[in-house]
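# Topology and contacts: notes
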Amino acid sequence: MPRESRDVVFVDGVRTPFGKAGSLYAETRADDLVVDCVRELLRRHPELPPERVDDVAIAATTQTGDQGLTIGRTVALLSGLPRSVPGYAIDRMCAGAMTAVTTTAAGIAFGAYDVTIAGGVEHMGHHPMGEGVDPNPRFLAEQLVDPEALIMGNTAENLHDRFPEITKERADAFAVASQQRVAQAYADGVIQPMLVPVAARSSELGWGLATADEPPRPDTTLEGLSGLKTPFRPHGRVTPGNAAGLNDGATACLLASADAAQELGLPVAMRLVGYAFAGVDPEVMGVGPVPSTEKALARTGLSIDDIGAFEINEAFAVQVLAFLDHFGIADDDPRVNPYGGAIALGHPLASSGVRLMIHLAKTFADRPDIRYGITTMCVGLGMGGTVIWENPHFTGGDK
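The following paragraphs examine the structure supplied in this document. (Residues numbered from 1 in each chain as written. Predicted model: local features only at pLDDT ≥ 70, side-chain atom pairs only at ≥ 80, totals over all residues. Heavy atoms only, no water.)

## Observations regarding the nonpolar core
This is how it is decided: What is meant by a nonpolar core is a set of buried Ala, Val, Leu, Ile, Met, Phe, Trp, Tyr and Cys residues, joined one to another through side-chain atoms within 4.5 Å. Per-residue accessibility, obtained with a 1.4 Å probe over protein chains only, is compared with the maximum for each type, and a residue is labelled buried under 20%, exposed over 50%, and partly exposed between these values. By definition, residues are in contact when any of their heavy atoms lie within 4.5 Å.
Judged by nonpolar contacts, the single largest core of 48 residues is most densely connected at Phe 10, Val 101, Leu 255, Met 270, Met 357 and Trp 389. Residues within four places of Phe 10 in sequence aside, it is in contact with Cys 253, Leu 254, Leu 255, Val 268, Ala 269, Met 270, Met 357, Ile 358, Ala 361 and Trp 389. Listed in part, the 41 residues of the second largest apolar core include Ile 166, Val 238, Val 280 and Phe 316.

Here it is as structure tokens:
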């Protein structure tokens, strides 16, 4: 007989401080970064018996070396979870952790799970983007995909071409604002509780404790960004200043059915409303969040006007600005990335989806006047992903 779907809730999420690729975590294993996150979740929630975790889904874009060997299962074992707890690996490039959440959430809604752990990791210092890939020659021989689609920076330049109103100056201004918002969030003590300290070793300095993100540049100015080189195209508009960097880091979160959360006494930070993924031309992959958001809104019966908080991954400033322009949202709208984003914090590919969720959960906790929020991101090879969440603390208001 047909099953009724169950409500899915986001209980809690944590992440490591993000490092520059090959710097802070040069001598730290990728799987150990995720293990630190999972152990911290279990430490923060002693009310959760470890044996009640039904599955562990961990994403990585480059699934080899210390990011291989079915990383979800290895992380479950290394984290001290009972051997009865299974695990698996996921790859949807930048939306890996987001897909780990939506996939296990679907299992919860269906009744296959009560509690899951979902997250992602990317150690770009150990595994540069594209390491070991062998694109099928048919992509080029049959002109299925422009070669530029395989270089994310080129796709961002293509977006500037498609939307000439998104100038380099606008992109730089958005990037400066991201840096300022992150600096303010650190000053206000917003970011620190999201982080799990990581013991990291350097051959030069020995052991130390990573307690803050490495990439932010709080002194960034428009003048400073204006002189940066454009590595993807002569006289281009995409620079290291208005794009996310190459980073190392990990995230993990707890998901549960609403019934299981109530039974176990787990807090509820967000309720899942719906989600969608969509494909676009790979050459302009950054526009992916537009159709995925439209699709998610249509499926949930909501409109963009119902959304009171946006967490948009800042792979490139132009990609965020294209989204904002499409939906008629101002560049400096306070609903968008209030604590800054990936341009300042970093974007360790497959881990970033849960980082967005952690930020949105904080906004929900602080803003009971907001009912709905979204986490959305562009995805390599021409995709977008969007998840819509409801604020359990909502007390009434316009949105």
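## Looking at unusual backbone geometry
Note the following rule: Secondary structure elements follow DSSP: runs of H or I of four or more residues count as helices, runs of E of two or more count as strands, with numbering from the N terminus.
Backbone geometry at Gln 143 places phi at a positive 50°, although glycine is not the residue there. For Gln 143, the location among the structural elements is in the loop between helix H4 (138-141) and helix H5 (152-162). Taking relative accessible area as the criterion, Gln 143 reaches 73% and is therefore assigned exposed. Of note, the phi angle at His 235 is positive, near 60°, even though the residue is not glycine.

## Focus on the packing of aromatic side chains
Rule in force here: Any pair of Phe, Tyr and Trp rings, taking the six-membered ring for Trp, is counted once the centres come within 6.5 Å. Such a pair is stacked with planes under 30 degrees apart, edge-to-face with planes over 60 apart, and tilted for the rest.
This model, assessed by the stated rule, comprises four aromatic pairs. A ring pair is formed by Phe 10 and Trp 389, whose centres lie 5.8 Å apart and whose planes are at 80°; its orientation type is edge-to-face. Highlighted residues: Phe 10 in strand S1 (residues 8-15) and Trp 389 in strand S12 (residues 383-390), separated in sequence by 379 residues. Trp 389 matches Phe 10 in its accessibility class, with the two residues each being buried. Measuring from centroid to centroid gives 6.2 Å for Tyr 275 and Phe 277, while their planes differ by 65°, and the two rings are edge-to-face. The partly exposed category is assigned to Tyr 275, whose relative accessible area is 30%.

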